[in-house]
Amino acid sequence: MKGRFITFEGIDGSGKTTQLRSLEAFLRASGHDVVITCEPGGTPLGRRLRAAFLESDATVSPLAELLLFAADRAQHVEHLIRPSLAEGKIVISDRYADATEAYQGGGRGFDADLIAEVIELATGGLKPDLTLFFDIPVETAFKRMANRHAASRANRMDGETAEFYSSVRRAYLAIADREPERFRVVDGTRGVAEIEEDVRQVVGKLLN
Ligand code: ADP
Ligand code: TYD
């Protein structure tokens, strides 16, 4: 039995995690076997990498950052995602390879061919069946992040400029143009309940 691989993407503060939790509850209540995971940090090694380079103020070069996200992903694919799919489970990941194209490609400016090669190496060609991209303007994301920071720990990307996030968002939208079937743009500016409805409908189509 083959499982299904779904990923959630968006700039920081776009509401991915809120929607992922809601979809998880909905699918479990409908009797689905769901594995919820994230990048970076979906495996024990990934959590150590995450703490070392994302949640610390250590200086990390852009190339080291690119390769650390790739290392996290290689471990994640081999030890969690592929085995879960082989067992027929629905795997939902809060971020995956598109984040590298958007943040390290669009945001940091790495060459598109290099990014594609690094992604291919880390994933062995494993692509999501469906990706939901929660799209919100950068200013809205900044407002939401300001609220969230009162309650949770920041990471090193949170200090980036509006220009950086605009480039990240543009890179995500370019993926939507290139792969409209897999990569769905969801208007994330609406209320939580309205977005939930959309998410359930799109995911429902994939699962039925
Ligand atoms: P992400 O995982 O994409 O960074 P979160 O789900 O953590 O985003 O949401 C960021 C912040 O915005 C949180 O404080 C959350 O409660 C709030 N939020 C999430 N979805 C919405 C929404 N549709 N409208 C307004 N605020 C939202
Ligand atoms: P996280 O705390 O998971 O943020 P969020 O809740 O917004 O998803 O932090 C992940 C950060 O790492 C986020 O800023 C995006 C960034 N990132 C990359 O730059 N490249 C990648 O390949 C991945 C997976 C994440």
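Residues numbered from 1 in each chain as written. Chains lettered and ligands numbered in written order. Predicted model: local features only at pLDDT ≥ 70, side-chain atom pairs only at ≥ 80, totals over all residues. Heavy atoms only, no water.

Moving on, we get to the sheet that holds strand β5 (residues 183-187). The strands that make up a sheet are held in pairs by hydrogen bonds between backbone atoms, and each pair lies either parallel or antiparallel. With parallel pairing, five strands are arranged side by side in an open sheet as β2-β3-β1-β4-β5. Across the chains shown, the open sheet's two edge strands, defined by having one partner strand only, are β2 (34-38) and β5. If you compare each strand with its neighbour and ignore which way they point, the axes differ by 20 degrees on average. Strand direction decides the pairing type here: β2 and strand β3 (residues 90-94), joined by five bridges, are parallel. Bridging across to β3, Cys-38 finds its partner in Asp-94. Helix-sheet contacts for helix α3 (residues 62-86) involve β1 (4-9), β2 and β3, and the interaxial angle to β2 is about 160 degrees. Strands in contact with helix α8 (residues 192-207) are β1, β3, β4 (130-135) and β5; relative to β4, the strand with the most contacts, it is inclined by about 165 degrees. (Pairing = 2+ DSSP bridges. Helix = DSSP H or I, 4+ residues; strand = E, 2+ residues; numbered from the N terminus. Axes fitted to C-alpha atoms, helices over the stretch in contact; angles between N-to-C directions. Contact = heavy atoms within 4.5 Å.)

Where burial is concerned, most of β3 is hidden: five out of the five residues are buried. Burial along β3 is two-sided: Ile-90, Ile-92 and Asp-94 facing one way and Val-91 and Ser-93 facing the other are all buried. Here β1 runs beside β3; their pairing, made up of five bridges, is parallel. Note on β3: the bridge partner recorded for Phe-5 is Val-91. (Buried < 20%, exposed > 50% of the residue type's maximum accessible area, 1.4 Å probe, protein only.)

For helix α2 (residues 44-53), the complete set of buried residues consists of Gly-46, Leu-49 and Phe-53. Projected onto a plane normal to the axis of α2, the buried residues spread over an arc of 60 degrees and lie on a single side. Within α2, the exposed residues directed more than 90 degrees away from the buried face are Pro-44 and Arg-48. Next to the buried residues of α2 lie α3. (Arc of directions from axis to C-beta.)

Turning next to the site of ligand 2. Around ligand 2 sit 16 residues, and of these Asp-12, Lys-16, Arg-50, Thr-100 and Gln-104 come closest. For ligand 2, an oxygen atom lies 2.8 Å from a polar atom in the side chain of Asp-12. Interatomic distance of 2.8 Å between a side-chain N/O atom of Gln-104 and a nitrogen atom of ligand 2. For ligand 2, the protein covers 92% of the area, taking 550 Å² as the surface of the free molecule. Looking at the shell around ligand 2, the elements that each hand over two or more residues are α3 and α4 (97-107). Here the residues of the shell around ligand 2 are counted per class, giving six nonpolar, three polar and seven charged. (Near = heavy atom within 4 Å. Polar contact = N/O pair within 3.5 Å; in protein donor to acceptor, adjacent residues only side chain to side chain. Areas by Shrake-Rupley, 256 points an atom, 1.4 Å probe, with all protein chains shown as cover. Nonpolar A, V, L, I, M, F, W, Y, C, P; charged D, E, K, R; others polar.)

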